[in-house]
Amino acid sequence: MTLARRAGASADPNMPQAVRALAATCLITTWLVLALGAVATGAGPHAGDPDSGRNGFDETAISQLHTAAVCVLFGATVALVVVARTTQTTPPVRRLSTAVLVTELAQGAIGFTQYFTGLPWGLVLVHMTPAAVLTALVTVLFDHSSARDQARDVAADLNRPPRQKCE
């Protein structure tokens, strides 16, 4: 079996199933939150040129839908942090889950501030940076929670003699 084939073949058997499931939930929900955030921006006053049309969605309704998805993400992340800290997970997964939670708290503070202050343009831009950081963190967290440790497999592949061609 080649290294490339082994790379995505299976999850770490020692990683608790709850951690893998919650990390996957966080990944999927983050993408939903991002999509709804983009739709909310397209419905609001910062959807591009002032003369351009908006997407037609009600700003308040789509913002509330975005917030509901954020609440699901936040709940899944809190559960992930608790499970990661109370089960046998790797230190990177524990650190990453905490970093995701802290980033979500900061992002939520910015989001609520922008919503309740009339969506100032600068704050909307600031809101985009933690969104990018959150996307990266959740992706790495998912990778760490589902990918198995391959160091041994890599070493074995490097030490294996090349295959002989059949003539």
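Please refer to the structure placed before this passage.
Along every chain, residues carry numbers that run from 1 in the direction the sequence is written. Selection of residues for local features in this predicted model requires a pLDDT of at least 70, selection of side-chain atom pairs for listing and counting requires 80 or more, and totals for whole chains, interfaces and linings are taken over all residues. Processing note: side-chain calculations cover all non-hydrogen atoms of the structure and skip hydrogens and water entirely.

Asker: How do you make sense of the overall build of the chain when you look at a structure like this?
Answerer: A helix here means a DSSP run of H or I that spans at least four residues, while a strand means a run of E at least two residues long, and both kinds are numbered starting from the N terminus. From N to C terminus, the chain includes six helices and zero strands. The secondary structure elements of the chain, listed N-terminal to C-terminal, are α-α-α-α-α-α. The contact criterion used is simple: two residues touch if any of their non-hydrogen atoms lie within 4.5 Å. Residue pairs at least 24 apart in sequence account for 71% of intrachain contacts in the chain once pairs closer than 6 positions are excluded. Note that accessible areas follow from Shrake-Rupley with a 1.4 Å probe, and for residues the cover is restricted to the protein chains shown. Roughly 10100 Å² of accessible area belongs to the chain as shown, and the carbon and sulfur atoms make up 66% of that amount.

Asker: Got a minute to help me understand the nonpolar core in this structure?
Answerer: General note: in soluble globular proteins, nonpolar side chains tend to be found buried as a group. Note on terminology: a nonpolar core comprises buried Ala, Val, Leu, Ile, Met, Phe, Trp, Tyr and Cys residues joined through side-chain atoms within 4.5 Å. The rule is simple: take the accessible area with a 1.4 Å probe, protein chains only, and divide by the maximum for that residue type; under 20% is buried, over 50% is exposed, in between is partly exposed. One finds Val-19, Cys-26, Leu-80, Val-93, Val-100, Val-138 and Leu-141 to be the most contacted residues of the largest nonpolar core, which totals 24 residues. The set of elements that each furnish at least two residues to this core consists of helix H2 (17-43), helix H3 (59-86), helix H4 (91-116) and helix H5 (121-146). Considering every element that reaches this core, the biggest residue donor is H2, with nine residues. Beyond its immediate stretch of four places on either side in the chain, Cys-26 contacts Leu-73, Ala-76, Thr-77, Leu-80 and Val-138.

Asker: How should I be thinking about a nonpolar patch on the surface in this particular structure?
Answerer: In this analysis, a patch consists of residues with relative accessible area above 30% that form no salt bridge, clustered at 9 Å for like charges and at 5 Å for the nonpolar side chains Val, Leu, Ile, Met, Phe, Trp and Tyr. A pairing counts as a salt bridge when a side-chain nitrogen of Lys or Arg comes within 4 Å of a carboxyl oxygen of Asp or Glu. Together, Phe-74, Val-78, Val-82 and Leu-105 give the surface a local cluster of nonpolar side chains, amounting to about 320 Å² of exposed area. Ranked by the residues each element gives to the nonpolar patch, the list is headed by H3, at three residues. Of note, Leu-105 is situated in helix H4.

Asker: Quick question: what am I supposed to make of the packing of H3 against H4 here?
Answerer: The description of two helices packed together rests on the angle between their axes and the distance between the axes. Axis definition: a line fit to C-alpha positions, over the contact stretch in the case of helices; interaxial angles, taken between N-to-C directions, run 0 to 180 degrees. The N-to-C vectors of H3 and H4 enclose an angle of 155°; their axes lie 9 Å apart at closest approach. Viewed along their axes, H3 and H4 adopt a mutual orientation that is roughly antiparallel. Here the hand of the crossing between H3 and H4 comes out left-handed. Only Val-93, Arg-94, Ser-97, Thr-98, Val-100, Leu-101, Glu-104, Leu-105, Phe-112 and Tyr-115 of H4 make contact with H3, whose side of the interface consists of Thr-60, Ser-63, Thr-67, Leu-73, Phe-74, Thr-77, Val-78, Leu-80, Val-81, Ala-84 and Arg-85. For this scheme, ten residues count as nonpolar: Ala, Val, Leu, Ile, Met, Phe, Trp, Tyr, Cys and Pro. Four count as charged, namely Asp, Glu, Lys and Arg, and the remainder, Gly too, count as polar. For the contact of H3 with H4, the per-class residue count stands at 12 nonpolar, six polar and three charged. Relative orientations are named as follows: roughly parallel for angles under 35 degrees, roughly antiparallel for angles over 145 degrees, roughly perpendicular for angles from 65 to 115 degrees, and oblique for any other angle. Two helices cross in a left-handed way if the nearer one is turned anticlockwise from the farther one by less than a right angle. They cross in a right-handed way if the turn is clockwise.

Asker: For this particular structure, what's the right way to read the environment of Ser-63?
Answerer: Tracing the backbone through its elements, the reader meets Ser-63 in helix H3. A sequence separation of 20 residues divides Ser-63 from Ala-43, and the C-alpha atoms of the two residues are 9.0 Å apart. Whenever a nitrogen or oxygen atom comes within 3.5 Å of another N or O atom, the pair is scored as a polar contact, on the condition that within protein one atom can donate a hydrogen and the other can accept it, and that pairs from neighbouring residues in sequence are kept only if both atoms are in side chains. Here Glu-59 takes part through its backbone oxygen, which lies 2.8 Å from a polar atom of the side chain of Ser-63.

Asker: Please clarify how the layout of surface pockets should be interpreted in this entry.
Answerer: Using a probe with the size of a water molecule, rolled over the atoms, empty space left in the structure can be pinpointed. Cavity means a closed set of points on a 1 Å grid over the protein atoms alone, one where a 1.4 Å probe fits but cannot get out, pocket means an open set with protein on both sides within 12 Å along at least 5 of 7 lines, and lining means a residue has an atom within 4 Å of a point. Grid points are joined across faces, edges and corners, and a volume is the space filled by probe spheres set on the points. There is about 860 Å³ of room inside the largest pocket. If you trace the largest pocket, you find 32 residues lining it, with His-66, Val-70, Gly-111, Gln-114 and His-127 closest to the centre. No other element matches the nine residues that H3 contributes to the lining of the largest pocket.

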